[in-house]
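# Overview (structure and organization)
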Amino acid sequence: MRMGRALIAVVVASVLAAGALAPAASARPAPTRAAGPSAYQPSIPPLTDSRGRALTLRGWNVEDKANRGEAALSAITERHFRDLRAGGFNFARLLVFWDDLEPRRGQYSERYLRKIERILGWARKHRVHVLIDAHQDVFGPAFGHRGIPEWATRTDGLPFTPNPDDWFSEYFQPAVQRAFTHLYEDPDLRRAQAAMWRVLAERFRGHPAVIGYDLINEPMGELREGEDLATAARRIEAQHLTPMYNRLARAIRAEDRSTWLFVEPTPIVGEGVPTGLGRIHDSRTVYAPHFYNTAMEAGADYDPSAGWIEAYEAAVTAYPARHRMPVVVGEWGPLNNSLPNMGRFYREAVASLNRYSSGWAGYVWCYGGGYCAVDERGRFRTNKEQTATPYAPAVAGTVRSDTYDAATRSYRLAYRAATRPGLTGLSLPPSSRGWRVSVTGRAARVLGRAPYGGRLTVVAWPGAEVVVTVREAGAHGRTDRP
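Structure report, in brief. No experiment lies behind these values; they were computed from the predicted model shown.

### Some points on the sheet that holds strand β3 (residues 57-62)
Strand order in the open sheet formed by seven strands is β8-β7-β6-β5-β4-β3-β11, and the pairing between neighbours is parallel. The open sheet is flanked by β8 (285-287) and β11 (359-362), the only strands paired with a single partner. Direction aside, the axes of adjacent strands within the sheet are offset by 30° on average. Of the strand pairs in this sheet, strand β6 (residues 210-214) and strand β7 (residues 260-263) are connected by three bridges, and their pairing is parallel. Paired with Gly-212 across the strands is Trp-260, a residue of β7. Packing of helix α7 (residues 187-204) onto the sheet brings it into contact with β5 (129-134) and β6, and relative to β6 it is tilted by some 180°.

Okay, here's the thing in structure tokens:
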């Protein structure tokens, strides 16, 4: 999600009018270390696997927005998943488009499903979890973007004026807003959306690479006259998104009983606006907000004094704590990542994300400029290397604390081993200096060797208190860039 400069004043003024942004002076100081959900947010449960292990997902979005039809998804190759895994990541949020899956009403593209299947095969080969994301930008192709098919787009003849210099502002065009209202309210479109998800769930249920379904990307809606943006967002979430998610959950569960369902608030949550979402009546649901700031998306540098990260974290944790849902942040990362304060932004952002979430996907794993994580040769672009840290992809037990110190490049995991024997995984990113790993606890030991990066396994006596420590050789309290 990117917001142009023209929209910033509208968004911020609207949010301030609703009293949603926490003032910088009252924001609590940001901790200097990152921690897992059990350390700072015990009321937010972890994401778990079929063996009950607490999972941590670290990765990136993978997409092909340029190609469609017969060429759809052709920009995604096995290299994406091989390089993700080599970098220490275990997660990809894969963008798929309803307009490619069902170009004509009731006619689903077998070719498109096979292409998704091929991508999932690469993910399985390289041991990367995949979240299948039903993506939309500005609703869909009726407005020059991707997502909901043209045959499912109803505007009541309202106007639409493209704005390629500020595409996010197109969400506020009357025709686009009305199209969302029809999607949420028209019975036949509700059935079509549910049927689309049943096709995906029936095809990919049980696939070893698929960890979840993201039901719709960055949903928006129609503002009422005189309504500020924050108030509209909470109403749309309560009155439209909540029933939609419950409908889609029922449809998916008719085909797939166990895969996690990921639900998003509106993008306005990025300004520290608490969501108006209600209860989703499914026990395997994940809250999946995005983490973007309007000013930074328009090219501004990070302002540590503004208290944005603190306001966002306070707002975004209330809903999953109340409903006992895991959190996985589906997109984050600024466009201009080399500005003077961006080094600090990445440190503080990673620390915040890891305090309350079970994982995140940066935007976006591609090879080049712009939002791309790496350049054409696969090297991290400025500051994005800070996303690659040691972590525990799966913990067989209850996490006591899970911390990473960016200054010393050291990681510490403390957990109580499960009463049933299980394997805890450890992921170390590539390091030319090498990593030193130690473990304490009854019968605790590390299996395997990965001195310069890779995967390790930790085993311990059932019920033992285990502490795993990882340090990068030669990194002792160094000072990072501002």
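Still to come is the rest of the account.
### Observations regarding the environment of Pro-141
Structurally, the position occupied by Pro-141 is in the loop between β5 and α6 (174-185). Judged by its relative accessible area of 19%, Pro-141 is buried. Aside from chain neighbours lying at most four places away, what touches Pro-141 is Arg-68, Asp-99, Arg-146, Gly-147, Ile-148, Pro-149 and Glu-150.

### Re the state of the cysteines
Counted according to the given criterion, the structure contains one disulfide. Note that Cys-366 is cross-linked by a disulfide to Cys-372, the S-S spacing being 1.9 Å. Sign of the S-S torsion, about -110° for the bond between Cys-366 and Cys-372, identifies this disulfide as left-handed. Here Cys-366 matches Cys-372 in class, with each residue buried.

Analysis parameters
Residues numbered from 1 in each chain as written. Predicted model: local features only at pLDDT ≥ 70, side-chain atom pairs only at ≥ 80, totals over all residues. Heavy atoms only, no water. Pairing = 2+ DSSP bridges. Helix = DSSP H or I, 4+ residues; strand = E, 2+ residues; numbered from the N terminus. Axes fitted to C-alpha atoms, helices over the stretch in contact; angles between N-to-C directions. Contact = heavy atoms within 4.5 Å. Buried < 20%, exposed > 50% of the residue type's maximum accessible area, 1.4 Å probe, protein only. Disulfide = S-S within 2.5 Å.

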